[in-house]
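Fold and contact review
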Amino acid sequence: MHVFFGGDKTKLVVFAGKSVGVVTTTRITHATPAAAFAHSADRNWYSDSNMPPEAIAQGCKDIAWQLIENIPDIEVILGGGRKYMYPLGTPDVEYPEDPKANGTRNDGEDLVKVWQEKKDPSKVSRYVWNRSQLLSLDKEHVDYVLGLFEPNDMAYELKRRNTTDPSLSEMVDSAIHILQKNHLGYFLLVEGGRIDHGHHAGEASLALHEAVELDRAIHVAEDLTSEEDTLTVVTADHSHVFTFGGYPPRGNPILGKTPELSDADFKPYTSILYGNGPGFKLERGERVNISDIDTTNPNYQAQAAVPLKVETHGGEDVAILAKGPMAHLFHGVCEQSYIPYVMAYAACIGENKAHCSQRAYHSDSALLSFSFTSVLPLVVWLVL
């Protein structure tokens with residue numbers, strides 16, 4: 001869900017006394033997480049160095065700045081995007097020799113330091129930048145945590161370094177343990193954002209493994225929460241031009257080739273394909289013969305019908321899956337803008353609170369929002 005719980009809605013959650021958490025596998029300033037705390041004319045204004053001078057002159061603020069300044073009391077912030085928090089040229093703590101990982105801020109602000117200084121000294125706040133630091137937190141006593149685990153987006157699950165980068169499941173586990181201490185409840189946004197990136201690159205293996213990890217994260221949340229008082233919503237903001245073709249038998253590898261050849265050019269093709277993208281390749285004017293190509297390789301770009309440098313989004317409806325209080329209000333076909341209103345209604349936030357006094361759980365209800373960027377409908381329904 002490309003949040004739909006925008007900056008103002010998140011403020012309502014804070015004002016209602018509930019805790020707030022934002023967890024993503026992208027940079028924390030990316031589109032979905034940013035919608036929880038920022039208002040921006042351009043989604044790419046990650047730091048002030050990404051902004052045009054006229055925007056800065058007119059008082060516009062970059063997304064990283066807004067994360068620290070707009071709603072300073074967000075309890076849990078976990079994802080990538082370290083370089084947008086530090087002054088231009090500041091060497092990264094993990095990749096000091098890589099200039100692409102250096103800080104990017106032209107205003108000279110150290111936003112991590114600002115975040116720490118804004119915290120109530122009577123509260124326990126922790127900044128962490130690697131997996132071991134996150135997992136070693138005393139979650140029962142930590143009130144605030146800012147975790148930035150990569151200079152930019154986090155690594156794909158298949159390429160993740162276990163020593164430094166936590167999995168999405170581990171971030172969700174940490175977030176819920178910290179947030180659930182609030183007896184008034186909490187709102188947690190979780191994004192499996194690199195599913196989208198894998199598809200755009202035409203690398204189906206990376207995208208599908210990201211979707212599986214999101215599924216693991218959802219199960220972690222299920223184990224830590226109760227359907228009696230927690231509304232969990234799983235959805236996406238769009239699909240991709242990703243399709244299932246041929247008639248592979250049961251047990252055929254999802255990343256493998258179909259057993260039959262094309263009846264037009266008599267060459268093999270894979271079970272999953274893209275409508276467009278970088279996987280379009282010709283050899284002497286004909287479709288490439290993939291007989292000797294390992295299509296299960298994580299970096300293999302699945303065949304595409306139309307050549308594009310970056311695969312595009314699709315146009316079909318995406319699923320909304322929900323359970324818990326008021327989950328019955330998610331049914332049929334609806335507009336995206338409907339989703340935050342159901343979530344607010346279920347959590348007794350904002351208007352329309354007449355039903356709240358009749359529900360014993362309203363004072364400590366929690367909201368879990370999971371975001372995937374659509375894979376195959378079949379995979380969505382079986383995995384999620």
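Residues numbered from 1 in each chain as written. Predicted model: local features only at pLDDT ≥ 70, side-chain atom pairs only at ≥ 80, totals over all residues. Heavy atoms only, no water.

Per an unreviewed UniProt entry, the recorded name for the protein is alkaline phosphatase, and the organism is Pelobates cultripes. Word for word, the UniProt comment on the protein under Subcellular location (unreviewed entry) is "Cell membrane". (UniProt positions renumbered as here; feature names shortened; annotations may be inferred.)

**Observations regarding the pairing of strand β6 (residues 230-235)**
In terms of burial, β6 is largely enclosed, as six of its six residues are buried. Every second residue of β6 is oriented toward a common face, with T230, T232 and V234 on one face and L231, V233 and T235 on the other, all of them buried. Across four bridges, β6 lies against strand β12 (residues 320-323) in antiparallel orientation. Pairing of T232 across the sheet is with K323, part of β12. (Buried < 20%, exposed > 50% of the residue type's maximum accessible area, 1.4 Å probe, protein only. Helix = DSSP H or I, 4+ residues; strand = E, 2+ residues; numbered from the N terminus. Pairing = 2+ DSSP bridges.)

**Focus on the packing of aromatic side chains**
The tally for this structure, following the rule as stated, stands at three aromatic pairs. Here the aromatic rings of F242 and Y274 are separated by 4.9 Å at their centres, their planes lie at 35°, and the arrangement is tilted. Residue F242 is located in strand β7 (residues 242-244), and its partner Y274 is located in strand β8 (residues 272-277); the two are separated by 32 residues in the primary sequence. Using a relative accessible area of 3% as the deciding quantity, one classes Y274 as buried. Each ring, one from F330 and one from Y338, has its centre 6.4 Å from the other, and the planes form 80°; the classification is edge-to-face. Across from the ring centre of W65, 4.9 Å away, lies the NZ or CZ of K61, which sits over that ring. (Phe/Tyr/Trp six-rings, centres within 6.5 Å; stacked < 30°, edge-to-face > 60°. Lys NZ or Arg CZ within 6 Å of the ring centre and 35° of its normal.)

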